[in-house]
Amino acid sequence: MTDTHCPYCSLQCGMTLTRRGRALEVGSWPEFPVNEGALCRKGWSAAGLRGSRERLTSPLVRDRSSGEFRPASWNEALDLVAARLATLRESDGHDSVAVFGGGGLTNEKAYQLGKFARVALGTSQIDYNGRWCMSSAASAGNQAFGVDRGLPFPLADVERTDVLVLVGSNLAETMPPAARHLDRLRERGGHVVVVDPRQTPTADRADTFLQPVPGTDLALALGVLHLLVAGSQFDEEYVAARTSGFDAVRREVAAWWPERVERVTGVGADEVRALAARLGEAERVMVLTARGAEQHSHGTATVLAWINVALALGMPGAPYSGYGCLTGQGNGQGGREHGQKADQLPGYRMIDDPEARAHVAAVWGVDADDLPGRGRSAYELLDALGTADGARALLVFGSNIVVSAPNATHVTERLGALDLLVVCDLVMSETAAVADVVLPVTQWAEETGTMTNLEGRVILREQAVDPPEGVRSDLEVIAGLAARLDAPVAFSTDPEEIFTELGRASAGGRADYAGIDYARIRAERGVFWPCPSPDHPGTPRLFAHAFAHPDGRARFVPVSHGGPAEPPCDDYPLHLTTGRVLAQYQSGAQTRRIPELPDNGAFVELHPSLADRIGAVDGAPVLVTTRRGELKAPCRVVTTIRPDTVFVPFHWVGANRLTNDALDPSSGMPEFKVCAAAVTA
Ligand code: SF4
């Protein structure tokens, strides 16, 4: 029996894996503290892909004459890819080759991918799908606190707060074992506030449910802070001693009286007053945001507005209080720390910082001057593919872009304009299906590596079974290509060795892993970063005495409400919002192939009054149209959504053909969560 973790979301639930003949059985691991043995149905069924006929077990190369895939040996496939990359690099320069990673890759893979791009390919063009997940919260956390760790406290602290405000999170469906903390908080007499345009299963667990117009969470936060300031219900001592910038924020919120907030958000002025009063009176307040608040063209500003509320109340750094972001993907946290982001080097160092470049170059054994600079953010990188100044070849690891990119029809066209698309995947995902070369790689139980969960706890996924014959790990793919490209240094394929190197590269950085090793993780069931030395206990809670800015103070950052990039109009009179369902994970490349998980395809959720207006009948198809595309799917008529809003889950091809590619200027986050739409029966 092997103690390990679930392959999916950022909770990284502990589980056991046991071999039963050819089968692999998932069991509970009650001693792992984050989930205490509980799993959701995705976790229980995670071994379902093992032995599946859909697993790829041979490299595939597209035959130029027939246009069809044909099996190839690993040597043939890697030789072909390396030769074409080398030719492109020679003719069009280093940035003609781009790399796209994923928030589900282990820390070792994310680290090695960033090093491969900068050292073996010499390209600045690397980014990853986590840019579309938590980047707005990351940007806001860095601005306000000087560091970005999703939760600066263990998740279980949620139970001990007095008022919990969840903005744009449906954790009861996306990470069900976490919902126990809401129940325990309420049993203790605490109060749960949920802010969401849909009345989700999470909202059903709330004491207060507020249902704003999509894209207006920021205005709600401004209104709450207006009332806290007007009623002198802010913590003057804390603001003076631990923060800077309050006066500018105080001026900004002066114009957000409750009736104005009601007009913008649709949340009643009395409800805004009641929320502000509850927060002002509470001893401990915790505000958590998730994708509903963050995936907007003003997502960073929205998170900053809620952080301003938490800071004014004196909460960040106080026990069982503060602000946190509920990270989404399995390694959403670690994946954004070790170098697969366009602007970043390992340890959350910035690539344009000379000291950071010198430190990492020394660990890598290369000259700092040879490292490329900052590249494009994920959507910008894809948008430029095949254009005069964009990349002409793309290597994809752990991402299903065709389903998950915003404005997906356009992005798929850009993939089609490439000279070479190489995709590493377990199965023939929608992105692999349009590639020139597909490389079959190992999945979670077949390899070892670390992940960093939503709390900043570094955990170890252990190998439990041998991979199918013909399959290699992403690390072997990277090393194989690096050797063929005559990289100046060797690339290890041993995860533990890579993790040790990652620790050295991160030493002294904001996300310092230098004191963490596999043996410690096994013995301690995870270690929280920063952990700068082997004798350091790790850091479950941040900010108790100081924030990470050089002066130790948190920053209030003034922000203003701009609203969605695409407001409703005569032709597109509704708001479209997107999200997840319980049984599916992200683009569904894995979960849609697991027989035990229900897969009824996409649907469109709409309110009975809207259904009446357009003549839609529950279960019958409707057509959703936006400026970028259309989707036909059965409708679900429900009273739990706003009458001016429709919802589509994003696990199937189609939802993201509708979504808007307007980007947050600070984080590069696309506006997945709201655009203008029309619906017809
Ligand atoms: S999907 Fe998330 S909540 Fe469900 S078992 Fe896996 S880690 Fe836990």
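Now for a look at the structure at hand. Here, residues in each chain are numbered from 1, in the same order as that chain's written sequence. Totals for whole chains, interfaces and linings use all residues, but because this is a predicted model, local features are given only for residues with pLDDT of at least 70 and pairs of side-chain atoms are given and counted only at 80 or more. Side-chain measures here rest on the full set of heavy atoms in the structure, leaving out hydrogens and waters.

## Notes on the side chain of R520
- For R520, the position within the fold is in helix α20 (residues 518–524).
- Only protein chains enter the accessibility calculation, which uses a 1.4 Å probe; a residue whose area is less than 20% of its type maximum is buried, one above 50% is exposed, and one in between is partly exposed. Residue R520 is classed as buried on the basis of its relative accessible area of 11%.
- In this analysis, two residues are considered to be in contact whenever any of their non-hydrogen atoms come within 4.5 Å of each other. In contact with R520, other than residues within four places in its own chain, are G515, R525, V527, C531, S533, P534, H536, P537 and G538. For helices the rule is a DSSP run of H or I covering at least 4 residues; for strands it is a run of E covering at least 2, with both sets numbered from the N terminus onward.

## Some remarks on the sheet that holds strand β10 (residues 208–210)
- Read from one edge of the open sheet, five strands run β10-β9-β8-β12-β13, paired in parallel fashion. A strand with exactly one partner marks an edge of an open sheet, and here the two such strands are β10 and β13 (322–325). Strand-to-strand, the axes of this sheet are offset by a mean angle of 15 degrees, without reference to chain direction.
- Lines are fitted to the C-alpha atoms to define the axes, a helix being fitted only along its stretch in contact, and any angle between axes, read from their N-to-C directions, falls within 0 to 180 degrees. Along the sheet face, helix α6 (residues 179–187) touches β8 (163–167) and β9 (191–195) and points at about 135 degrees away from the line of β9. Here, any two strands with at least 2 DSSP bridges between them count as paired.

## As for the site of the ligand
- By convention in this text, a residue qualifies as near a molecule or strand provided that one of its non-hydrogen atoms is within 4 Å of it. Surveying the vicinity of the ligand reveals the residues C6, Y8, C9, L11, Q12, C13, L39, C40, K42, G43, M175 and P177.
- A breakdown of the residues in the shell around the ligand according to their chemical character gives nine nonpolar, two polar and one charged. Side-chain classes follow a simple rule in which Ala, Val, Leu, Ile, Met, Phe, Trp, Tyr, Cys and Pro form the nonpolar group, Asp, Glu, Lys and Arg form the charged group, and the remainder, Gly included, forms the polar group.

## Some remarks on the packing of helix α7 (residues 217–230) against helix α9 (residues 246–253)
- Running from N to C, α7 and α9 cross one another at 105 degrees; their axes reach a closest spacing of 9 Å. Looking at the two axes, α7 sits roughly perpendicular to α9. From α7, L222, L225, H226 and V229 reach across to α9, where they touch F246, V249, R250 and V253.
- Split into classes, the residues belonging to the contact of α7 with α9 amount to six nonpolar, one polar and one charged. The labels follow the angle: roughly parallel below 35 degrees, roughly antiparallel above 145, roughly perpendicular from 65 to 115, and oblique for the rest.

## So, the nonpolar core
- Each nonpolar core is a collection of buried residues, namely Ala, Val, Leu, Ile, Met, Phe, Trp, Tyr and Cys, held together in the definition by side-chain atoms within 4.5 Å. If you look at the biggest cluster of nonpolar residues, it comprises 175 residues, and the most contacted ones within it are F116, F145, L395 and F491.
- Apart from residues lying up to four places away in sequence, F491 is in contact with Q112, K115, F116, V119, A120, I478, A479 and A482.

## Digging into the pattern of salt bridges
- Between Lys or Arg on one side and Asp or Glu on the other, a salt bridge is scored when a side-chain nitrogen of the former is within 4 Å of a carboxyl oxygen of the latter. What the rule picks out here adds up to 36 salt bridges.
- Here R593 makes a salt bridge to E54, at a shortest N to O gap of 2.8 Å. Taken together, the positions of R593 in the loop between β23 (574–579) and β24 (604–606) and E54 in the loop between α1 (41–44) and β4 (60–62) put the pair 539 residues apart, joining distant regions of the chain.
- Judged by relative accessible area, which is 39%, E54 ranks as partly exposed.

Scope: geometric values only; no functional claims are made or implied.
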